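Report on the structure
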Amino acid sequence: MFDIIGDIHGQAKKLQQLLIKLGYQKSDQGFHHPDFKVIFVGDFIDRGPYQLETLQIVKEMVDNGNAYAVMGNHEFNAIGWMTENQQKPDTFLRQHNHVHHKQHKVFLSQVGDSSPLHQQWLSWFKSLPLFLDLSAIRVIHACWDNQVIDKIMPYLDHRHCLKESAIQAAFTPKTALFDYCEVLLKGKEITLPQGVYYQDKEGTTRHKSRIKWWLNQADTLNQLCLIPDDEQIDALQRKVDFPLDSYQDCKPVFFGHYWLTGTPIIQTPYIACVDYSAALASGKLVAYRWQGELQLVNQHFIY
Ligand SMILES: [Mn+2]
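About the criteria used
- Residues numbered from 1 in each chain as written.
- Predicted model: local features only at pLDDT ≥ 70, side-chain atom pairs only at ≥ 80, totals over all residues.
- Heavy atoms only, no water.
- Helix = DSSP H or I, 4+ residues; strand = E, 2+ residues; numbered from the N terminus.
- Rg over C-alpha atoms; globule rule 2.2 N^0.38 Å.
- Buried < 20%, exposed > 50% of the residue type's maximum accessible area, 1.4 Å probe, protein only.
- Contact = heavy atoms within 4.5 Å.
- Donors = N, O, S within 2.8 Å, 3.2 Å for Na, K, Ca; no water.
- Core = buried A, V, L, I, M, F, W, Y, C linked by side-chain atoms within 4.5 Å.
- Pairing = 2+ DSSP bridges.
- Axes fitted to C-alpha atoms, helices over the stretch in contact; angles between N-to-C directions.
- Salt bridge = Lys/Arg side-chain N within 4 Å of Asp/Glu carboxyl O.
- 1 Å grid on protein atoms, 1.4 Å probe; cavity = no way out; pocket = protein on both sides within 12 Å on 5 of 7 lines; lining within 4 Å.
- Points joined across faces, edges and corners; volume = space filled by probe spheres on them.
- Nonpolar A, V, L, I, M, F, W, Y, C, P; charged D, E, K, R; others polar.

With that out of the way, let us pick up the overall build of the protein. Along the backbone of the protein there are 9 helices and 18 strands. Relative to its length of 303 residues, the protein is compact, with a C-alpha radius of gyration of 19 Å against a globular reference of 19 Å. Its C-alpha atoms give the protein principal-axis dimensions of roughly 55 × 50 × 40 Å. When each of the 303 residues of the protein is scored for burial, the buried share is 52%. Relative to all contacts within the protein whose residues are 6 or more apart in sequence, the contacts with residues 24 or more apart total 63%.

So, about the coordination of the manganese ion. Here the manganese ion is held by the protein donor atoms Asp43 (OD), Asn73 (OD1), His141 (NE2) and His257 (ND1), which lie 2.1 to 2.2 Å from it. Read in sequence order, the donor residues coordinating the manganese ion give the pattern D-x29-N-x67-H-x115-H. With aspartate 43 in the loop between β4 (37-40) and α2 (51-63) and histidine 141 in the loop between β7 (138-140) and α6 (146-152), this pair connects stretches of sequence that are 98 residues apart. We note that aspartate 43, like histidine 141, is buried.

Moving on to the nonpolar core. Soluble, globular proteins show a tendency: their nonpolar side chains are buried together. Core analysis: the biggest nonpolar cluster contains 90 residues, and Ile5, Phe40, Phe44, Phe125 and Trp213 have the highest contact counts within it. At 6 residues, the largest contribution of residues to this core is made by helix α8 (residues 176-186). Among the nonpolar cores identified, the runner-up in size contains 12 residues, and Ile190, Ile211, Ala218 and Leu224 belong to it.

This next bit is on the environment of tryptophan 81. By the secondary structure assignment, tryptophan 81 is in helix α3 (residues 73-82). A relative accessible area of 4% means that tryptophan 81 is categorised as buried. Each C-alpha atom, one on tryptophan 81 and one on histidine 100, is 8.6 Å from the other, the two residues being 19 residues apart in sequence. For tryptophan 81, the contacting residues outside a window of four places in its chain are Phe92, Arg94, Gln95, His96, His100, His101, His104 and Leu108.

Attention now goes to the sheet that holds strand β17 (residues 287-290). What the 5 strands build is an open sheet, ordered β5-β4-β1-β17-β18; its pairing is mixed. Bordering the open sheet on either side are β5 (67-69) and β18 (301-302), each of which pairs with just one other strand. Both strand β1 (residues 2-5) and β17 contribute to a ladder of 4 bridges, which runs antiparallel. Residue pairing in the sheet places aspartate 3 in a bridge with arginine 289 of β17. Helix-sheet contacts for helix α1 (residues 12-21) involve β1, β4, β17 and β18, and the interaxial angle to β1 is about 160 degrees.

A side chain with one charge can pair with a side chain of the opposite charge if their charged atoms come near. For the structure shown, the criterion picks out 8 salt bridges. Residues arginine 289 and aspartate 3 are paired through a salt bridge, measuring 2.7 Å at the closest nitrogen-oxygen approach. Here arginine 289, found in strand β17, pairs with aspartate 3, found in strand β1; they are 286 residues apart in sequence, far enough to count as distant. Arginine 289 sits in the buried class, given a relative accessible area of 14%. Look at the salt bridges and you will find they share partners, linking Asp133, Arg138, Asp249 and Lys251 into a network.

Another aspect to go through is the pairing of strand β11 (residues 208-211). Burial of the side chains of β11 is restricted to one face: Ser209 and Ile211 are buried, whereas none of Lys208 and Arg210 on the reverse face is. Strand direction decides the pairing type here: strand β8 (residues 189-191) and β11, joined by 3 bridges, are antiparallel. Residue pairing for β11: isoleucine 190 is matched across the bridge by serine 209.

Bringing the layout of surface pockets into the picture now. Space inside the second largest pocket adds up to approximately 320 Å³. The wall of the second largest pocket is formed by 19 residues, among which Asp145, Asn146, Gln147, Lys188 and Asp245 lie closest to the centre. Among the secondary structure elements, those contributing two or more residues to the lining of the second largest pocket are α6 and α8. Considering every element that reaches the lining of the second largest pocket, the biggest residue donor is α6, with 4 residues. For the lining of the second largest pocket, the class distribution of residues is 10 nonpolar, 4 polar and 5 charged.

So, in structure tokens, the structure goes:
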């Protein structure tokens, strides 16, 4: 039985509080529980104040067999930030531009940019699987898509970690692998119609929007897209005809990434997001306590 915990983004205090609330006890081997293990959905770093503490709590639990963890897009990006681009020597797979630096600078300052400690954490990030497909549940950072999972398999090792030989292509636009990583770690997006755009939480103007991949049907842009509430511009009432080939399996999927707000609720009886914006002061860190049920229920969220 598992507690699936959402994106932490350096909020180690919220993590400790949640683990204690869930009945985990701390010992020399880190947090543990007699009946439950944690599954972390990734995005341990960037944004929040206690990023190394967060990593230490998570890794200690994983090392001692008390938790599993999958890769988030922020761990993926951290690998690209420090890996030289073999096509363009002296540059990196993730561009060192202003937006990327702003997103990553707290981690760099806490870990010590290019330090041995930085290298150690990058090795650990590379050891994180892109998803878990357990006997009864599935966990992934952003989006479960069976077709993409089938296609990415040749690029993964037996633990579903990216092979070292695949890392260059994973960051190279227009390769198939780049697209697969985008879907699994960052979710599906659409390009908004001409003239429709919004400001994201970092103030960057966006002409693309994340979509609710778990829906079976959406009639308007507003229903399909994840756009902040204060950006509900008229254009979003436009009708859309977007092919949603949503998840049809009867094996529950848990994911994070989507910065949801409000009271946690399941997306469908087989799909649940556990990311409720813990990175924000007002946001909560959320767990879903899975106790073997075949269909998910709202009562099992804990926060
Ligand atoms: Mn994410």
